[in-house]
Amino acid sequence: MKTDTKQYITPNDKLKNDIEALGYRQLLLDDEALFDKYYSMLDGHYSSNLCFLNLYCWEDTLPTYFKEYEGFLVDICYDFMSGEIFVYPFMGKYTNEGIAKVFEMVRSDMEYLGVPYIIRDVSSWMRPYYEATGAEIEVIDLRQEMDYIFTPESFWAGMNTQDDRYRYKYFKRKNNYETVEITPDMVDEVTELMERVWCVKMGDCEECAYGCLKDVVVKLVKAFDKLNIQGILVRVDGVAQGISIVSEKYKMGVYQYKNAENKIKGINEYLLRECFERYMSGAEIINYTEDLGHENLRRYKEHMAPEFSLYSKLFLKVK
């Protein structure tokens, strides 16, 4: 039987009240359009962790609070695992003057809350703006936190290697399969799939470091008609055997989640290619997210395509 013995540190009423007193409110599903407005002002790509659907679907263990200030959207997050609060990069049109104003406002907010001033998931192109504030900043660049970035051409070449192409064709040739786009009424089907291909494989809830991945994926499916995301579910002989969820915004295609019954040869290659062909036509880069330091996952992502780059998501500790 699966058990979850992790101890979460939930925010107390005083902390919640203090956050709200500063003008922040907790992110809701209906806030996607507001977030998109500020994302669209950015001059470069941002971390996969900052995608709205990530902020929304992980809110049970990483709730996000936000407010608008001087033409920017400011997000802070409470980490249920550590009990710590951190700040996400400011969203808006970056200028030295604009960032300096928001930076000092957030510094005051962190002092009011009595917590360290830490900004996580900062893209490299954003770094000079924060350093231009004149603050003393420690920059941390963790290898396991870096997003894997591919050009569409390289990603396609990777899917067309002899072995991957063979497995993809083998799946199509040997299986009685059906591919359907995900809709909210598939919740029960996706829940059963997740329990079978993920929960049983992991064996114990302790393996899921931040909350329940099954609950996260099911939550996304329930909101699929309200979020700007895409995805497919693949049935083999009438039974759900694979799922892939992606997004494509501002010319960045992100593979948010993919899992399948690995005993079915070629199903992962099929999920990968099918989502690329259906949903990534407008992407200038493909973001395959981080490896979190897991060696098997690292080897897999490093060998997905002939070329890739690592996209830093910096941690800034303001002293």
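So, a few notes on the structure that sits alongside this text. Just so we're clear, the structure is a prediction, and the values are computed from it rather than from any experiment. (Residues numbered from 1 in each chain as written. Predicted model: local features only at pLDDT ≥ 70, side-chain atom pairs only at ≥ 80, totals over all residues. Heavy atoms only, no water.)

Okay, the nonpolar core next. Formed by 83 residues in total, the largest nonpolar core has its most connected members in Phe90 and Tyr130. Sequence-distant contacts of Tyr130, that is, excluding residues within four places in its chain, are made with Pro89, Phe90, Tyr94, Ile99, Phe103, Ile119, Val122, Ile137 and Leu316. Residues Tyr148, Tyr168, Met280 and Ala305 belong to the second largest nonpolar core, which totals 26 residues. (Core = buried A, V, L, I, M, F, W, Y, C linked by side-chain atoms within 4.5 Å. Buried < 20%, exposed > 50% of the residue type's maximum accessible area, 1.4 Å probe, protein only. Contact = heavy atoms within 4.5 Å.)

Strand order in the open sheet formed by seven strands is S9-S10-S11-S12-S13-S8-S14, with mixed pairing between adjacent strands. Because the sheet does not close on itself, it has two edges, and the strands there are strand S9 (177–181) and strand S14 (309–311). If you compare each strand with its neighbour and ignore which way they point, the axes differ by 25° on average. Examined bridge by bridge, strand S10 (residues 230–236) and strand S11 (residues 239–249) share seven bridges and lie antiparallel to one another. For Val234, the partnering residue across the bridge sits in S11 and is Gly242. Contacts from helix H6 (residues 152–159) reach strand S8 (147–150), strand S12 (252–260) and strand S13 (285–287), with the element oriented near 60° to S13. (Pairing = 2+ DSSP bridges. Helix = DSSP H or I, 4+ residues; strand = E, 2+ residues; numbered from the N terminus. Axes fitted to C-alpha atoms, helices over the stretch in contact; angles between N-to-C directions.)

Right, let's get into helix H4 (residues 96–113). The end-to-end C-alpha distance of H4, which contains 18 residues, comes to 26 Å, matching closely the 26 Å that a straight helix rising 1.5 Å per residue would cover. With its phi angle positive at about 70°, Gly114 sits one or two positions after the end of H4. (Expected span 1.5 Å × (residues − 1).)

With that settled, the discussion passes to the pairing of S10. Most of S10 sits inside the fold, with seven of its seven residues counted as buried. Along S10, one buried face is formed by Gln230, Ile232, Val234 and Val236 and the opposite face, lined by Gly231, Leu233 and Arg235, is buried too. Where S9 lies against S10, five bridges are found, and the strand directions are antiparallel. Looking across to S10, one finds that Tyr177 is bridged to Val236. Linking S10 back to S11 in an antiparallel pair, the connection comprises two residues, with Asp237 at a positive phi of about 55°.

Going through the model one piece at a time under the given rule, you end up with 24 salt bridges. Residue Glu59 is joined to Lys219 by a salt bridge in which the shortest nitrogen-to-oxygen separation is 2.6 Å. In this pair, Glu59 is assigned in the loop between helix H3 (52–57) and strand S2 (64–69) and Lys219 in helix H9 (residues 213–222), connecting sequence segments 160 residues apart. Its relative accessible area of 15% is what places Lys219 among the buried residues. Salt-bridge contacts for Lys313 lead to Asp147; the nearest nitrogen and oxygen are separated by 2.9 Å. Taken together, the positions of Lys313 in strand S15 (residues 313–318) and Asp147 in strand S8 put the pair 166 residues apart, joining distant regions of the chain. If you follow the salt bridges from partner to partner, you end up with Arg143, Asp291, Arg298 and Glu302 in one network. (Salt bridge = Lys/Arg side-chain N within 4 Å of Asp/Glu carboxyl O.)

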